[in-house]
Each structure stands twice: as C-alpha cells, then as structure tokens.
Amino acid sequence: FQYFSGMGATKVEWLNDSACNVVFVDSFSCKRALSCLSMPLESEVARVKESHPEMSTRPDLDMIVWRKGKPIDGHRMLLRVCHKGDVKKPVG
C-alpha cells in the first residue's frame, strides 16, 4: 500500500499471493498513479493495436495495457487498469 502513498489509494483487494486490485478515490487518482509510477510496455501497446485494430486510435491505450512499474524492494511491478474479471475466485 505504501507503493501508492499520496496517490489517492483507498484500499487493496488481494486476488492471490502475487496479484491485487488497488482501489482509488477516483479515476483521476488512478491515472495519476499509473502515470507517475509506471511506463507503458511498448510491446503490449503494439500487441493490442495488432490484435484489436479498432483500439489503435484510443488516446488512452497506453493507460489500459500492462505497464512496467517502478520496482519496490527489488520486486518487479506490472500495473494496469483492472477489468471486470479481476476478482478473487471463490474457494471450493
């Protein structure tokens, strides 16, 4: 949670041991955190443009694909805006 300090994060929802959703106070705060803490993976932008040509003109394309985050404590970070399917799977 400290990774997003001062960025408007309100809570963390753990999906498993290595993935979580970070909830922000508003979409502006989320976009600001992504802009400040990560950079788009150009290979991911190219992949989406190739596989979904209709998305190639989206001005926010680099914000909705996987992004390389600033490392924390030697750990690699990958960030993106979550999707509806990004929820913890029920056990059982």
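Please refer to the structure placed before this passage.
As a convention, each chain's residues are numbered from 1 in the sequence order in which they are written. Residues qualify for local features only when their pLDDT is at least 70, as the model is predicted, and side-chain atom pairs are given and counted only at 80 or more; totals for whole chains, interfaces and linings, by contrast, use all residues. Hydrogens and water are ignored here; the side-chain numbers use all heavy atoms of the structure.

## Section: the overall build of the chain
Using the following cut-off: Going along the chain from the N terminus, every DSSP run of H or I of four or more residues is numbered as a helix, and every run of E of two or more is numbered as a strand. Any pair of residues with heavy atoms lying within 4.5 Å of one another is described as a contacting pair. The method behind every accessible area is Shrake-Rupley, applied with a 1.4 Å probe, and residues are considered shielded solely by the protein chains displayed. Counted as positive: Lys and Arg. Counted as negative: Asp and Glu, with His and the chain ends omitted from the count. To locate a charge, take atom NZ for lysine, CZ for arginine, CG for aspartate or CD for glutamate.
Each helix and strand counted, the chain has 3 helices and 5 strands in total. Going from the N terminus to the C terminus, the chain shows its helices and strands as β-β-α-β-α-α-β-β. By sequence separation, contacts in the chain at least 24 residues apart represent 43% of the contacts at least 6 residues apart. As displayed, the chain offers around 6900 Å² of accessible surface, 57% of which is attributable to carbon and sulfur atoms. Of note, the chain has its 14 positive side-chain charges centred 2 Å away from the centre of its 11 negative side-chain charges.

## Here's the deal with the layout of surface pockets
The cut-off we apply is this: The rule is simple: put a 1 Å grid over the protein atoms alone, call a set of points where a 1.4 Å probe fits but cannot get out a cavity, call an open set with protein on both sides within 12 Å along at least five of seven lines a pocket, and count a residue as lining if it has an atom within 4 Å of a point. Grid points are joined across faces, edges and corners, and a volume is the space filled by probe spheres set on the points. Under this grouping Gly is polar, as are all residues other than the nonpolar Ala, Val, Leu, Ile, Met, Phe, Trp, Tyr, Cys and Pro and the charged Asp, Glu, Lys and Arg.
Computed from the structure, the largest pocket encloses a volume of approximately 880 Å³. If you list the elements that add at least two residues to the lining of the largest pocket, you get β1 (9–14), β2 (20–24), α1 (27–37) and β5 (75–79). Of the residues that constitute the lining of the largest pocket, the class distribution is 21 nonpolar, 4 polar and 6 charged.

## Re the packing of aromatic side chains
Let me state the cut-off plainly: Only centres within 6.5 Å qualify two rings of Phe, Tyr or Trp (six-membered ring in Trp) as a pair; their planes then separate them into stacked at under 30 degrees, edge-to-face at over 60, and tilted for everything else. For the exposure calls, accessible area comes from a 1.4 Å probe over protein chains only, and a residue counts as buried if that area is under 20% of its type's maximum, exposed if over 50%, partly exposed in between.
Applying the stated criterion to the full structure yields 2 aromatic pairs. Note on Tyr3 and Phe4: the rings are 5.1 Å apart at their centroids and 80° apart in plane angle, and the pair reads as edge-to-face. In this structure Tyr3 comes out as buried when scored by relative accessible area, which is 13%. Assessed through its relative accessible area of 11%, Phe4 is described here as buried. Taking the centre distance of 5.6 Å and the plane angle of 85° together, the rings of Phe4 and Phe24 count as edge-to-face. Note that Phe4 is positioned in the segment before β1 and Phe24 in strand β2, a separation of 20 residues in sequence. For the pair Phe4 and Phe24, a shared accessibility class is recorded, and that class is buried.

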